[in-house]
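# Notes for the structure review
Listed here are the chains, written in short residue letters.
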Amino acid sequence: MMAEFDLTSPLLSPRSSDQPQTVLIVHEDEDSEPSDQPPSNQQSSLQTRTPHQNHNHSRINNENGHVSSPNPYEFLGSGEFSVPAPNTVDPFRNGTPLISGVYEVIKIVLCLPIALARLILFGVCLAIGYIATRIALEGWKDKHNPMPKWRSRIMWITRVCARFILFSFGYQWIRRKGKPAPREIAPIVVSNHVSYIEPIFYFYELFPTIVASESHDSIPFVGTIIRAMQVIYVNRFSPASRKNAVNEIKRRASFDTFPRVLLFPEGTTTNGKVLISFQLGAFIPGHPIQPIIVRYPHVHFDQSWGLISLAKLMFRMFTQFHNFMEVEYLPIITPPNHQNQNAVHLAERTGQAMASALNVVQTSHSYGDLMLLMKAAQLQQKKPWSYMVEMARIELLYHISSLEAVDFLDKFLSMNPDTSGCVKLQDFLRVLQLKACTLSEEIFGFLDVEKNGSITFKQFLFGSAHVMKQPLFRKACELAFAECDAEGDNCCMEKELADIFRHAIPDLNDDEVHGLFNIFDTDNDGRISRDDFFSCLRKNPLLIAFFSPRLLHKNLSKAGGRMLEEIV
């Protein structure tokens, strides 16, 4: 179960009675962004300091004595936020990426002739299996229904070839514990995912229907074979595709004439030392599930598919005397009923059972963390694993997608973090095209939760997401654009944006304004449309702070009667 963090409770500082305060009462629309406030709240109130009154003083945190700058996002109802401690676990790191040790070198040299024979066996079996599969698929057009029995019998040739392929990779024998449950009792099976070996094994052992990425269809030979398994394709980044996949899983699991459905709920391969968060596709249908766990005991060669090439991993497998693999079929997990709202509970129970059997923990990492890891490695960061943030937790708290997180990482890495992954104020301002001023320093100080003069990617991402999640963020964006759209033509020109930003930073020069204008003009057409404006603030939510002085000096009660300003 994921830990819950108090990221949303306003922590507004008390004020003396002689200071004016602005209270904005906003009546939320149904289409507004999700709120951090309890459901019982019918209105969102916004409390802020009068602009520029507090920019030149600091406040003291009474608990630790640290001096901290004012919060530039109080006008959204935002308090301070906390960032979970760094997680040192790397679920994707292969333990033996390099060939090391005299024993391993000698073993590889001795196994080179064996490797050649294994490669030939692999190629022959793949060719035979491919031909048999093509014969089984020839003329079959009714893919919506189960494969006819005579075609399934031809596929036994391919399944036997799959076992010989495992033999060529060094899996002369595979230890099994338990037995697969009958298909009519457990129509869905789930497994941890460590290497490309498990799909080959399950194809031979169970011949299931699998759920796979659409990209797998274009893989030579393999694409044809998995089509014979009546694969359910899914695009993990498309909500519509994921929904269709869940519906198809439910349909096939409901009919005993279909093969059982196999899913790898982690969504990617790990090193097997932990389980990462589960996707819910296997659990939403509400059918009994049989978990299966796979282990690869080893000393000198880690068979997990980490950040190493497929060719290198295959070569290492070909040059081992024997590769160990253990498969354990766990007891069936039956949901209390078949309602979709039990999907999370069913996924938790399944994860606990698998983690306990593997003697590992389950983390909040997801495929999104692998995307961050690969992005950092691609840009040659010294410690790419330090940029993982346990994306499942981020998605749960803030509804930030993996693709959006990668965009935030791309921006953060353009700030030239040091070898420890930290960014200083100067580089932060350079990338966001900001001028060094009190408000800019307050924004940086807001992210610098440890108050050590630098920020990490995790702080940058959590802080940005925290600002976006505030219930008044969308309203503030709408009002900010209305202020920029002085002519009422649903667009903003550079001069109009300059007027807004100079209200927050009076000494901005023309070059600095032009730099900010280019950030907002996402389609580079010389003007900022409404879509440009909202897209920019979605990607750079921290910039909303520069609109607060202008918004809080305006009579916001003019905004269609939707906001009420009261000077208390």
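Provided above is the structure to which this section pertains.
## Digging into the packing of helix α1 (residues 102-137) against helix α2 (residues 149-168)
Remark: α1 packs on α2, axes separated minimally by 8 Å, with the N-to-C direction vectors making an angle of 165 degrees. Between α1 and α2, the angle falls in the class roughly antiparallel. For the crossing formed where α1 meets α2, the hand is left-handed. Residue-level contacts link R118, L121, F122, C125, L126, I128, G129, A132, T133, I135, A136 and L137 of α1 to R151, I154, M155, I157, T158, C161, F164, I165, F167 and S168 of α2. Split by residue class, the contact of α1 with α2 holds 16 nonpolar, four polar and two charged.

## Structural notes on the sheet that holds strand β10 (residues 289-295)
In spatial order, the strands read β5-β11-β10-β6-β9-β7-β8; together these seven strands make up an open sheet with mixed pairing. The open sheet is flanked by β5 (175-177) and β8 (232-234), the only strands paired with a single partner. Neighbour to neighbour, the strand axes of the sheet diverge by 25 degrees on average, direction disregarded. Sheet analysis places β10 next to strand β11 (residues 326-329), joined by four bridges and oriented antiparallel.

## Examining the pairing of β11
By the bridge criterion, three bridges tie β5 to β11 in an arrangement that is parallel. The residue of β11 that forms the bridge with K177 is E328.

## Some remarks on the pattern of salt bridges
Summed over all chains, the structure comprises 21 salt bridges. Note that D256 is salt-bridged to R183, the shortest N-O span being 3.2 Å. With D256 in the loop between α5 (239-253) and β9 (261-263) and R183 in the loop between β5 and β6 (188-191), this residue pair connects regions lying 73 residues apart in the sequence. Looking at D256, the relative accessible area reads 53%, which means it is exposed. Under the relative-accessibility criterion, R183 is labelled buried at 10%. Each of R175, K177, R295, E326 and E328 takes part in one network of salt bridges that share partners.

## A closer look at helix α14 (residues 473-484)
If you check α14, its first and last C-alpha atoms are 16 Å apart, about what 12 residues at 1.5 Å a residue would give, namely 16 Å. The buried count for α14 comes to nine of 12 residues, which makes it a mostly enclosed element.

## Regarding the nonpolar core
Core analysis: the biggest nonpolar cluster contains 74 residues, and F428, I544 and F547 have the highest contact counts within it. Residues contacting F547, with those up to four places away along its chain left out, are A480, C484, L497, I500, F501, F520 and F533. I165, Y196, I226 and V294 belong to the second-largest nonpolar core, a separate cluster that totals 48 residues.

Rules used throughout
- Residues numbered from 1 in each chain as written.
- Predicted model: local features only at pLDDT ≥ 70, side-chain atom pairs only at ≥ 80, totals over all residues.
- Heavy atoms only, no water.
- Axes fitted to C-alpha atoms, helices over the stretch in contact; angles between N-to-C directions.
- Helix = DSSP H or I, 4+ residues; strand = E, 2+ residues; numbered from the N terminus.
- Parallel < 35°, antiparallel > 145°, perpendicular 65-115°, else oblique.
- Left-handed = near helix turned anticlockwise from the far one by under 90°.
- Contact = heavy atoms within 4.5 Å.
- Nonpolar A, V, L, I, M, F, W, Y, C, P; charged D, E, K, R; others polar.
- Pairing = 2+ DSSP bridges.
- Salt bridge = Lys/Arg side-chain N within 4 Å of Asp/Glu carboxyl O.
- Buried < 20%, exposed > 50% of the residue type's maximum accessible area, 1.4 Å probe, protein only.
- Expected span 1.5 Å × (residues − 1).
- Core = buried A, V, L, I, M, F, W, Y, C linked by side-chain atoms within 4.5 Å.

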